[in-house]
Amino acid sequence: AQTVTQSQPEMSVQEAETVTLSCTYDTSESDYYLFWYKQPPSRQMILVIRQEAYKQQNATENRFSVNFQKAAKSFSLKISDSQLGDAAMYFCAYSVEYGNKLVFGAGTILRVKS
Amino acid sequence: KAGVTQTPRYLIKTRGQQVTLSCSPISGHRSVSWYQQTPGQGLQFLFEYFSETQRNKGNFPGRFSGRQFSNSRSEMNVSTLELGDSALYLCASSWVGGRNTEAFFGQGTRLTVV
């Protein structure tokens, strides 16, 4: 069974600094998708960034980028120039087979200090 | 374009009762997935519907069921409620439902079983 592990229950970062959130996963498939979702206090899950496993190039979206290490089954999220609005719970997720059957990690609470 | 709408936002039920939650996907989206979020178990996949057919199912007891209507709106039902069913139930919709499509989430229904 596919599993996703986020080993950091909570992280803190100073405003304007950079922070990296870790994620590892376990799968026997060679083709899959990985995602980082953000859940602010409003509870709305928002897609931050996604990575296609067959693509070697790491995905980037403005201040957000990933470090995808397929052999190590690692998928970390780097947030540059952190802003107060980045404070939220961040979930790493894996997409299996077809449909929206996402497997989520336990989440990392990110606190941003001003 | 309106987002994913879940109703009601909050619900309090008594143990043993049944409950129905509703999810209206983004217009044109045919895939709807449901997730349960609890502090102890995190985010867990319940089931996915595509074109009125259940296409994928998570590891939940038969008390949890769902359906999808011809307009893609979906409902999930939980019968014989238990205290452990207290959770945030999230619904997500996507255009096609394939693994490379983005899932858009609603704000969830907070169910409290007393």
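About the criteria used
- Residues numbered from 1 in each chain as written.
- Chains lettered and ligands numbered in written order.
- Predicted model: local features only at pLDDT ≥ 70, side-chain atom pairs only at ≥ 80, totals over all residues.
- Heavy atoms only, no water.
- Helix = DSSP H or I, 4+ residues; strand = E, 2+ residues; numbered from the N terminus.
- Rg over C-alpha atoms; globule rule 2.2 N^0.38 Å.
- Buried < 20%, exposed > 50% of the residue type's maximum accessible area, 1.4 Å probe, protein only.
- Contact = heavy atoms within 4.5 Å.
- Core = buried A, V, L, I, M, F, W, Y, C linked by side-chain atoms within 4.5 Å.
- 1 Å grid on protein atoms, 1.4 Å probe; cavity = no way out; pocket = protein on both sides within 12 Å on 5 of 7 lines; lining within 4 Å.
- Points joined across faces, edges and corners; volume = space filled by probe spheres on them.
- Nonpolar A, V, L, I, M, F, W, Y, C, P; charged D, E, K, R; others polar.
- Pairing = 2+ DSSP bridges.
- Disulfide = S-S within 2.5 Å.
- Phe/Tyr/Trp six-rings, centres within 6.5 Å; stacked < 30°, edge-to-face > 60°.
- Lys NZ or Arg CZ within 6 Å of the ring centre and 35° of its normal.

When you look at the overall build of chain A in this model, what are you seeing that I'm missing?
For chain A, the helix and strand inventory stands at zero helices and twelve strands. Put simply, chain A runs from its N terminus to its C terminus through helices and strands in the order β-β-β-β-β-β-β-β-β-β-β-β. Its C-alpha atoms give chain A a radius of gyration of 14 Å, within 12% of the compact-globule value 13 Å for 114 residues. Viewed in the frame of its principal axes, chain A has a C-alpha envelope of about 40 × 25 × 20 Å. Expressed as a percentage of the 114 residues in chain A, the buried residues total 49%. In chain A, the proportion of contacts linking residues at least 24 apart, taken out of those at least 6 apart, comes to 53%.

How should the nonpolar core be read in this particular structure?
Among soluble globular proteins, nonpolar side chains are generally buried collectively. Residues and elements named next belong to chain A. In this structure, Tyr-25, Trp-36, Phe-75, Leu-77, Tyr-90 and Tyr-94 are the most contacted members of the largest nonpolar core, which totals 27 residues. Put simply, the parts of the chain that give this core at least two residues each are β3 (19–21), β5 (33–39), β6 (46–52), β8 (64–69), β9 (74–79), β10 (88–95) and β12 (108–113). For this core, the leading source of residues is β10, giving four residues. Other than its neighbours up to four places away in sequence, Leu-77 contacts Val-19, Thr-20, Leu-21, Trp-36, Val-48, Ile-49, Phe-64, Ser-65, Val-66 and Tyr-90.

Is there a simple way to explain the layout of surface pockets in this structure?
The volume enclosed by the largest pocket comes to roughly 760 Å³. Lining of the largest pocket is provided by 33 residues; of these, Phe-104 of chain A together with Gln-41, Gly-42, Leu-43 and Gln-44 of chain B occupy positions nearest its centre. Mapped by element, the contributors of at least two residues to the lining of the largest pocket are β1 (3–5), β10 and β11 (102–104) of chain A together with β4 (31–38) and β5 (42–50) of chain B. Sort the elements by how many residues they give to the lining of the largest pocket and β5 of chain B lands first, with four residues. A breakdown of the residues in the lining of the largest pocket according to their chemical character gives 18 nonpolar, twelve polar and three charged.

Help me understand the pairing of β6 of chain A, please; the structure alone is not making it clear to me.
Look at any regular strand and the pattern is simple: side chains alternate between the two faces of the sheet. All names here are of chain A. Most of β6 is tucked away, with five of its seven residues classed as buried. Pairing between β5 and β6: six bridges, direction antiparallel. Across the sheet, Lys-38 pairs through a bridge with Ile-46, a residue of β6. Between the antiparallel neighbours β5 and β6 lie six residues, among them Arg-43 with a positive phi of about 80°.

Sorry if this is basic, but what is going on with the state of the cysteines here?
Each disulfide consists of a covalent bond between the sulfur atoms of two cysteine residues. Residues and elements named next belong to chain A. Under the counting rule described, the total for this entry stands at two disulfides over all chains. Shown here is the disulfide that connects Cys-23 with Cys-92, its sulfur atoms set 2.0 Å apart. Taking the torsion about the sulfur-sulfur bond, which here is approximately -70°, the covalent link between Cys-23 and Cys-92 counts as left-handed. Of this pair, Cys-23 sits in the loop between β3 and β4 (24–26) while Cys-92 sits in strand β10, placing them 69 residues apart in sequence. No difference in accessibility class separates Cys-23 from Cys-92, as the two residues are buried.

What is the right way to look at the packing of aromatic side chains in this model?
A ring pair, where both rings are aromatic, is described by two values, the distance of the centres and the angle of the planes. Counted according to the given criterion, the structure contains 15 aromatic pairs over all chains. Where Tyr-32 of chain A meets Tyr-94 of chain A, the ring centres are 5.2 Å apart and the plane angle is 40°; that geometry is what we call tilted. Of this pair, Tyr-32 of chain A sits in the loop between β4 and β5 while Tyr-94 of chain A sits in strand β10, and the two are 62 residues apart along the sequence. With respect to class, Tyr-32 of chain A is no different from Tyr-94 of chain A; both count as buried. Within the aromatic cluster, the residues linked to one another by ring pairs are Phe-35, Tyr-37, Phe-91 and Phe-104 of chain A together with Tyr-35, Phe-45 and Phe-105 of chain B. Here the guanidinium or amino end of Arg-55 of chain B rests over the ring plane of Phe-50 of chain B, the centre of that ring lying 4.4 Å away.

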